[in-house]
Amino acid sequence: MTSAAPHTMAGVNVTIKNVTKVYEMRDGNDLAALDPIELTIKPGEFVAVVGPSGCGKSTLLSLIAGLMPVSSGRILIDGEEVKRPHPKVGVVFQTDLLLYWRTVFDNILLPIEIKGWDRAKYRPRVEELLEQVGLKGFGQKFPSELSGGMRQRTAICRALVQEPGLLLMDEPFGALDALTREQMISDLQTMWRSVGNTVLFITHSIEEAVFLADRVIVMSPRPGRIDLDRTIEIERPRSWKSRSEPKFIGYMTEIREIFETRGVLTKE
Amino acid sequence: MAEQPARKRKKNYARLVVESLAAPGLVIILLLTWQIAVPLVGLSDFILPTPWQIIRRIGVDYRLLLSNMMVTLFELVGGFLIAAVTGVVTALFIFYSRVFERAIYPLLVALQTVPKVALAPLLVLYLGYGYAPKLFLAFLLAYFPIVIASVVGLQSLDKGMVNLVRSMGANEWQTFFKIRLPAALPNVFGGFKVGISTSVIGAVIGEYIAADRGLGYLQLQANSHFDTTLSFAAIVAIAAVGIMMFALLETVERRAVFQREAAK
């Protein structure tokens, strides 16, 4: 995996076939979190999933990450069925989950250690990632010395260090303030364009989804179902100006209307 | 403008000096009050010796105190080490086995409320007059706080952290050593620090009941000879042992555990 050109992480393809998830509740009843989901993600595609809280979008991510078993159906990554966490997958969670007793540098190397790879080989890679996310010179700092945005950047580096073919992001900017969030969204676009791997991005922000994604998947309230699968045809790189384009507003309105008919948002 | 920060720094420095002198200063004031009050009230040294008499006595009888101190030290460190190992192992079983937790944890908490000092006379009956009952009492008093603090420490890990390392392909073993153990260490050391203090009590109580050496024994002997000054000297030695052990643990902790606050 340590190639001469570490920027090109070949994106994987993801096939989700008739996947459902049923939780067994404590009272003995079953709770259906996902209705059968069918979804194919092409290599290098950036797919955003948007939906109301509790629609099962995080459940879908956990299933793809191999953190819990599907109730029925199959998930394939590059044709290989997901039964446990797939080595080509990196995950960024809602909170940074940095280990407070490790420096930024050692936090980023955690997946390398766990996979039993040679740490020394990845040191230049970590330096490179830190520079890319604007954290050059912060390697020896501890998480408690960083701001929320810097911590989440570190978490993104940690997910990218192993050069994952698929990056799963579970509302990664949900806990950040509005300004930091804006910057992170635009930086993520830049990074993804240089990396070119497959991304599945979970969010509850319609604007975030339309801005970042090649395709936006809209999910219905529980049990989660795909209500809309819309390809976003706005040129990249997208900037804050793109947000005022008629096309951008058109996509936003379309998604908003779906939420209105589902009763997630009220009509004005 | 330039003077402002300099003056401020000076003020901060002065405050730092006052703060660091506060504790020793208070001790000195209390000791001086004691020293002056005893002759003023006219107490004989058989009722209450002055601090200076106690210090002089420690100087005179330091060999006696030291040899008995070694005995107590051995009992409490031995008891503590047994408690540290078995306590952490018990905590691991409680954490990883649901059946074990269900079976043992309520029993442990119930036993915790039994005054263990009340077991001391029985221990002499069962274990004799040697080191065994003292070691056992020191162990018994340290064991519970170590188990409970370690269980709390092991449970303190965020569920999200576990998912994070699992998503990287970590097995149980790696999860334990990479995240669960480091996250538990501050609590475990908290338990150790309580445990070392209680094992001092255990060792001394053991010596009160039946012994022919140790600081507790020395104190009892002094009392029965109305030698109050020596009794106080023994108390000073017992306290010194406790403080030394506590400080030693803190040093180990500072090396082994990254404090959350340290980097702030």
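Residues numbered from 1 in each chain as written. Chains lettered and ligands numbered in written order. Predicted model: local features only at pLDDT ≥ 70, side-chain atom pairs only at ≥ 80, totals over all residues.

### A word on the overall build of chain A
A count of helical and extended segments in chain A gives 8 helices and 10 strands. On C-alpha atoms alone, chain A measures out to a radius of gyration of 19 Å, which is about the 18 Å that the 2.2 N^0.38 rule sets for 268 residues. Judged by the C-alpha coordinates and their principal axes, chain A covers about 50 × 45 × 35 Å. A buried classification covers 41% of the 268 residues belonging to chain A. Restricting to contacts in chain A with at least 6 residues of sequence separation, those with at least 24 account for 70%. (Helix = DSSP H or I, 4+ residues; strand = E, 2+ residues; numbered from the N terminus. Rg over C-alpha atoms; globule rule 2.2 N^0.38 Å. Buried ≥ 20, exposed ≤ 12 C-beta atoms within 10 Å, placed from the backbone. Contact = placed C-beta atoms within 7 Å.)

### Description of the overall build of chain B
Helix and strand content of chain B: 10 helices and 0 strands. Counting from the amino terminus, chain B carries its helices and strands in the arrangement α-α-α-α-α-α-α-α-α-α. Its C-alpha radius of gyration of 24 Å places chain B more than 25% over the 18 Å reference for a compact globule of 264 residues. Projected onto its principal axes, the C-alpha positions of chain B cover 75 × 75 × 30 Å. Going through the 264 residues of chain B one by one, you find that 33% of them count as buried.

### As for the interface of chain A and chain B
Residue-level contacts link 18 residues of chain A with 18 residues of chain B. Looking at which element gives the most residues to the side of chain A that touches chain B, the answer is helix 3 (residues 110-114) of chain A, with 3 residues.

### As for the environment of isoleucine 234 of chain A
Within the secondary structure layout, isoleucine 234 of chain A lies in the loop between strand 10 (226-231) and helix 8 (246-261). Leaving out residues up to four positions away in the same chain, isoleucine 234 of chain A has contacts with Ser242, Glu245, Lys247 and Phe248 of chain A.

### Thoughts on the domain arrangement of chain B
When the domains of chain B are assigned, the result is domain 1 (1-30) and domain 2 (45-256). On a C-alpha basis, the centres of domain 1 of chain B and domain 2 of chain B stand 36 Å from each other. (Domains from an automatic or database assignment.)

### Regarding the packing of helix 5 (residues 120-127) of chain B against helix 8 (residues 172-209) of chain B
For any two helices packed against each other, one specifies the crossing angle of their axes together with the interaxial distance. Residue and element names in this part refer to chain B. At a closest axis distance of 9 Å, the pairing of helix 5 and helix 8 adopts a crossing angle of 70°. By the angle class used here, helix 5 and helix 8 are roughly perpendicular. Judged by residue contacts, Ala120, Pro121 and Val124 of helix 5 engage Ile205, Gly206 and Ile209 from helix 8. Its residues assigned to classes, the contact of helix 5 with helix 8 shows 5 nonpolar, 1 polar and no charged. (Axes fitted to C-alpha atoms, helices over the stretch in contact; angles between N-to-C directions. Parallel < 35°, antiparallel > 145°, perpendicular 65-115°, else oblique. Nonpolar A, V, L, I, M, F, W, Y, C, P; charged D, E, K, R; others polar.)

### So, the nonpolar core
The nonpolar side chains of a soluble globular protein tend to be buried, and buried together. Counting residues in each nonpolar core, the largest one holds 79 residues, and the members touching the most others are Val47, Ile64, Leu168, Leu200 and Phe201 of chain A. Excluding anything up to four places from it in sequence, phenylalanine 201 of chain A contacts Phe46, Val47, Ala48, Met169, Leu212 and Ala213 of chain A. Counting residues in hydrophobic clusters, the runner-up holds 51 residues, among them Ile146, Val147, Ile148 and Ala233 of chain B. (Core = buried A, V, L, I, M, F, W, Y, C linked by C-beta atoms within 7 Å.)

### Side note on the domain arrangement of chain A
All names here are of chain A. Along its sequence, chain A is organised into domain 1 (8-88 + 165-268) and domain 2 (98-163). Each of domain 1 and domain 2 has a C-alpha centre, and these two points are 25 Å apart. Across the boundary between the two partners, domain 1 contributes 10 residues, which contact 7 residues of domain 2. Counting residues per element, the side of domain 1 that touches domain 2 draws most heavily on helix 6 (residues 178-195), which supplies 4 residues. Counted by class, the side of domain 1 that touches domain 2 contains 8 nonpolar, 1 polar and 1 charged residues.

### Overview of the environment of glutamine 35 of chain B
All names here are of chain B. Relative to the helices and strands, glutamine 35 resides in helix 1 (residues 3-41). Taking the number of C-beta atoms within 10 Å as the measure of exposure, glutamine 35 has 13 and is therefore partly exposed. In sequence terms glutamine 35 and proline 49 are 14 residues apart; their C-alpha atoms lie 8.6 Å from each other. When sequence neighbours within four positions are dropped, the list of residues in contact with glutamine 35 reads Thr50, Pro51 and Trp52.

### A look at the confidence of the model for chain B
All names here are of chain B. Here chain B averages 90 in pLDDT, and 94% of its residues register 70 or above. Taking the mean pLDDT of every element in chain B, the minimum, 83, falls on helix 1 and the maximum, 96, on helix 3 (residues 62-96). Interface confidence for the predicted complex, given as ipTM, is 0.87, next to a pTM of 0.82. (pLDDT = per-residue confidence, 0-100.)

### A few points about helix 6 of chain A
Residue and element names in this part refer to chain A. Here helix 6 is 18 residues long and its end C-alpha atoms lie 25 Å apart, about the 26 Å a rise of 1.5 Å per residue gives. Of the residues making up helix 6, those classed as buried are Ile185, Leu188, Met191 and Trp192. Taken down its axis, helix 6 places every buried residue within 135° of arc, on the same side. Of the residues in helix 6, the exposed ones pointing more than 90 degrees away from the buried face are Leu179, Arg193 and Ser194. (Expected span 1.5 Å × (residues − 1). Arc of directions from axis to C-beta.)

### A short note on the sheet that holds strand 7 (residues 166-170) of chain A
Strand pairing in a sheet is mediated by backbone hydrogen bonds. Such pairs are either parallel or antiparallel. Residue and element names in this part refer to chain A. Pairing is mixed across the open sheet formed by 6 strands, whose spatial order is 6-7-8-3-9-10. In this open sheet, the two strands that pair with only one neighbour each are strand 6 (89-92) and strand 10. Here the strands of the sheet are splayed against their neighbours by 15° on average, with no regard to which way each runs. Contacts from helix 1 (residues 57-64) reach strand 3 (46-50), strand 7, strand 8 (198-203) and strand 9 (215-219) within the one sheet, and its direction differs from that of strand 8 by about 150°. (Pairing = 2+ DSSP bridges.)

### Regarding the sheet that holds strand 1 (residues 14-24) of chain A
Residues and elements named next belong to chain A. Taking strand neighbours across the sheet as the criterion, the 4 strands line up as 2-1-4-5 in an open arrangement whose pairing is antiparallel. Edge strands, defined here as strands with exactly one partner in the open sheet, are strand 2 (30-41) and strand 5 (80-81). Sheet topology places strand 1 next to strand 2; 8 bridges connect them, and they run antiparallel. Across the sheet, residue glutamate 24 finds its bridge partner in strand 2, namely aspartate 30.

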